[in-house]
Amino acid sequence: MQESGVRMFLTQQRYHAKMKSEHRCFKKFINSLNSVLAQQSYGYHIQKFMRFCVAAKYITHEEAFEELLEFDSEKITDVLEDFVESLQEVNYKNVSTALSAPELFFTMNRKIWHNKMVRKGIKQLDIIRGGSLPITDEEIEQVYINCNRPRDRFLISLLGCTGIRPGAIVDPVMKFKHLTPVEDCYGLSVYDESKDGYWAILTPEASRDLERYKQSRIKNGETLTGESPLLGTESSRWHPTYDYLTLRTLTATLERRIKGHVKRVKVGNDYDKAIVYMFRKRFNTKLKLKNEVNSDVAELCMGHKLVGAQHTYTKPTLLEVYAAIKPAFEDLTINSNTRKSIALELE
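Just so you know, these numbers come straight off a predicted model, no measurement behind them.

Colleague: So what exactly am I meant to see when it comes to helix 10 (residues 204-219) here?
Modeller: One turn of an α-helix holds 3.6 residues; hence residues three or four places apart share an orientation. Given a rise of 1.5 Å per residue, 16 residues ought to cover 22 Å, and the 23 Å separating the end C-alpha atoms of helix 10 matches this to within 8%. Considered for burial, the residues of helix 10 that qualify are Pro204, Glu205, Ala206, Ser207, Asp209, Leu210, Tyr213, Ser216 and Arg217. Positive phi shows up at Gly221, right after helix 10, with a value of about 95°.

Spelled out as structure tokens, the structure:
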């Protein structure tokens, strides 16, 4: 699984390099994206769009970016409307996401079209979407206690107590330097040195799991520094290209760990509990139901932007985030016995 992910990443990198060297318009498009993950996603979807344009005979070949820029606003609108319709005909679920790539391409190359008209053509399906449910307390505990590897147990703890998006683990790669001790916990700088960065808090339970995982790596001969990845690649005869946990390995690990412990029901092409986001939904629910947790801090810990001027002026420190989240520690704790102990201490 990991090897496949590496190949796909390298293929995308080669494609980007080739297109940037040969097509200035593509270079303007891809360089407007700051993160590697965004470039991968948009690069994938612009290729999908170009293949559609060839099949629909709008352009002569899949690298004919300049031909697209010869179209006037009416023609661009027609192309984008047809692209949306083609995706919906095959029930492609992320129409809006796929459309964002050609929209950005035309925007960065100063082209104008009837954007609202195109976007209005995206049908809102009257169905229950997949990935809407959180993992339950009972399910996450079963996954947690059945993890026999320190890394996997810490991974479940990390997702359970922070609700981070999967991309936060690799973009940039989470490292030990992103941790800051605070009482019996750790603060974790998510999206470090980014305008979207924020503080997440590792609960005492997750902090203990981190220490156990850290000691297991040292015992296995690894020298850990601030630059070492927080979630490393375990020793393997395959000699992995990356020393950190990639998104594909993350997904594969979770799929293996939840098997037999989490009840997931198919909803269309998806499941009612998304492989990573079910942890995020549990985290969000716990914070929102805890009246003692400040609602703005809860939003910030989800990586959400606050409304209006609050986003500019509400900038809590690590200690302030810790104090605000601490009342939710009991609810966020995975092990039920530990949860009971916390409840007794609070009585």
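Text resumes after the structure shown.
Colleague: Sorry, what's going on with unusual backbone geometry here?
Modeller: Apart from glycine, the bulk of residues carry a negative phi angle, and the bulk of peptide bonds sit in the trans form. Each neighbour pair has its own omega, and for Asp171 with Pro172 the value is 0°, a cis peptide bond. Considering the arrangement of structural elements, one finds Pro172 in the loop between helix 9 (150-162) and strand 1 (179-182). Of note, Lys57 is a non-glycine position whose phi angle comes to about 65°, a positive value. For Lys57, a relative accessible area of 72% gives the class exposed. For Glu183, which is not glycine, the phi torsion reads 55° and is therefore positive. Position of Glu183 relative to the elements: it lies in the loop between strand 1 and strand 2 (185-190). Under the relative-accessibility criterion, Glu183 is labelled exposed at 64%.

Colleague: Before we go on, may I ask you to explain the packing of helix 9 against helix 10 in this structure?
Modeller: The angle between the axes and the distance between the axes are what describe a pair of packed helices. As a packed pair, helix 9 and helix 10 sit with axes 9 Å apart at the nearest point and diverge in direction by 155°. Considering the angle they form, helix 9 stands roughly antiparallel to helix 10. In the crossing of helix 9 with helix 10, the sense of the turn from one axis to the other is left-handed. Residue-level inspection shows Pro150, Arg151, Arg153, Phe154, Ser157 and Cys161 of helix 9 in contact with helix 10, the latter providing Ala206, Asp209, Leu210, Arg212, Tyr213 and Ser216. When the residues that make up the contact of helix 9 with helix 10 are grouped by side-chain class, the tally is six nonpolar, two polar and four charged.

Conventions adopted
Note on numbering: residues in each chain are counted from 1, in written sequence order. Per-residue local features of the predicted model are confined to residues with pLDDT of at least 70, and side-chain atom pairs are confined, for both listing and counting, to 80 or more; whole-chain, interface and lining totals are unaffected and use all residues. To obtain the side-chain values, all non-hydrogen atoms of the structure were included, while hydrogens and water were left out. The way it works is that DSSP assigns letters per residue, a run of H or I at least four long becomes a helix, a run of E at least two long becomes a strand, and they are numbered from the N terminus. Given a helix with a known number of residues, its expected span is that number minus one, times 1.5 Å. When accessible area is computed with a 1.4 Å probe and restricted to protein chains, residues below 20% of their type maximum are described as buried, those above 50% as exposed, and intermediate ones as partly exposed. Structural elements are reduced to axes, namely lines fitted to C-alpha atoms, with helices fitted over the stretch in contact, and the angle between N-to-C directions of any two is expressed from 0 to 180 degrees. Any angle that falls under 35 degrees is termed roughly parallel, while one over 145 is termed roughly antiparallel, one within 65 to 115 roughly perpendicular, and all others oblique. Note on convention: near helix rotated counterclockwise from far helix by under a right angle means a left-handed crossing. Clockwise means right-handed. By definition, residues are in contact when any of their heavy atoms lie within 4.5 Å. Throughout this entry, Asp, Glu, Lys and Arg are counted as charged residues, while Ala, Val, Leu, Ile, Met, Phe, Trp, Tyr, Cys and Pro are counted as nonpolar. The remaining residues, Gly among them, count as polar.

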